[in-house]
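Listed below, chain by chain, are the residues.
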Amino acid sequence: EKLISLLERIIREFIYFNIPFRNNQIILTRIELAPDFKKAVIFVIIEPENESEKILSDVRKLLPKIRKEVSVKLTMRFIPIFEF
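This structure is a prediction, so every number in the text was calculated from the model and none was measured.

(A) Quick look at the pattern of salt bridges. Enumeration over the complete set of coordinates arrives at 8 salt bridges. One salt bridge connects Lys54 with Asp58, and the closest N-O pair in it is separated by 3.0 Å. With Lys54 and Asp58 both in helix H2 (residues 52–60) and 4 residues apart, the pair spans about one turn of that helix. Owing to a relative accessible area of 33%, Asp58 belongs among the partly exposed residues under this scheme. When salt bridges with common partners are traced through the structure, they connect Arg9, Glu13, Glu69 and Lys73 into a single cluster.

Dropping the structure here:
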């Protein structure tokens, strides 16, 4: 749970500082981490809902940068592969 809390903080900060919001809102609700720490699923709420697919597509393009950000801030043997 401590690792999930750290990941949530790092990813929330990344989203806040790296995704232009305009009239959109992306809220991280939770992260589910696989028992072997190799995969993490990030759950978000995107508003407005009618633009959620486009926004989610744009956010998915940032997954490598999110993984790099986590690797810089955390010392782990395996950095999880993230998906939304």
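(B) Region of the structure containing the nonpolar core. In terms of nonpolar packing, the biggest core is built from 25 residues, with Leu7, Ile11, Val70 and Phe82 touching the most fellow members. Listing elements by their share of this core, those giving two or more residues are helix H1 (2–18), strand E1 (25–33), strand E2 (39–47), H2 and helix H3 (63–73). Top contributing element to this core by residue count: H1, with 6 residues. With sequence-adjacent residues up to four places away left out, Val70 is seen in contact with Leu7, Ile10, Ile11, Ile79 and Phe82.

(C) Molecular detail of H2. Those residues of H2 lying buried are Ser52, Ile55, Leu56 and Val59. The arc that holds every buried residue of H2, seen down its axis, measures 100 degrees, which confines them to one face. Exposed positions of H2 whose direction lies more than 90 degrees from the buried face are Glu53 and Lys54. Turning to H2, the residues buried within the fold contact E1, E2 and H3.

Parameters and conventions
- Residues numbered from 1 in each chain as written.
- Predicted model: local features only at pLDDT ≥ 70, side-chain atom pairs only at ≥ 80, totals over all residues.
- Heavy atoms only, no water.
- Salt bridge = Lys/Arg side-chain N within 4 Å of Asp/Glu carboxyl O.
- Helix = DSSP H or I, 4+ residues; strand = E, 2+ residues; numbered from the N terminus.
- Buried < 20%, exposed > 50% of the residue type's maximum accessible area, 1.4 Å probe, protein only.
- Core = buried A, V, L, I, M, F, W, Y, C linked by side-chain atoms within 4.5 Å.
- Contact = heavy atoms within 4.5 Å.
- Arc of directions from axis to C-beta.

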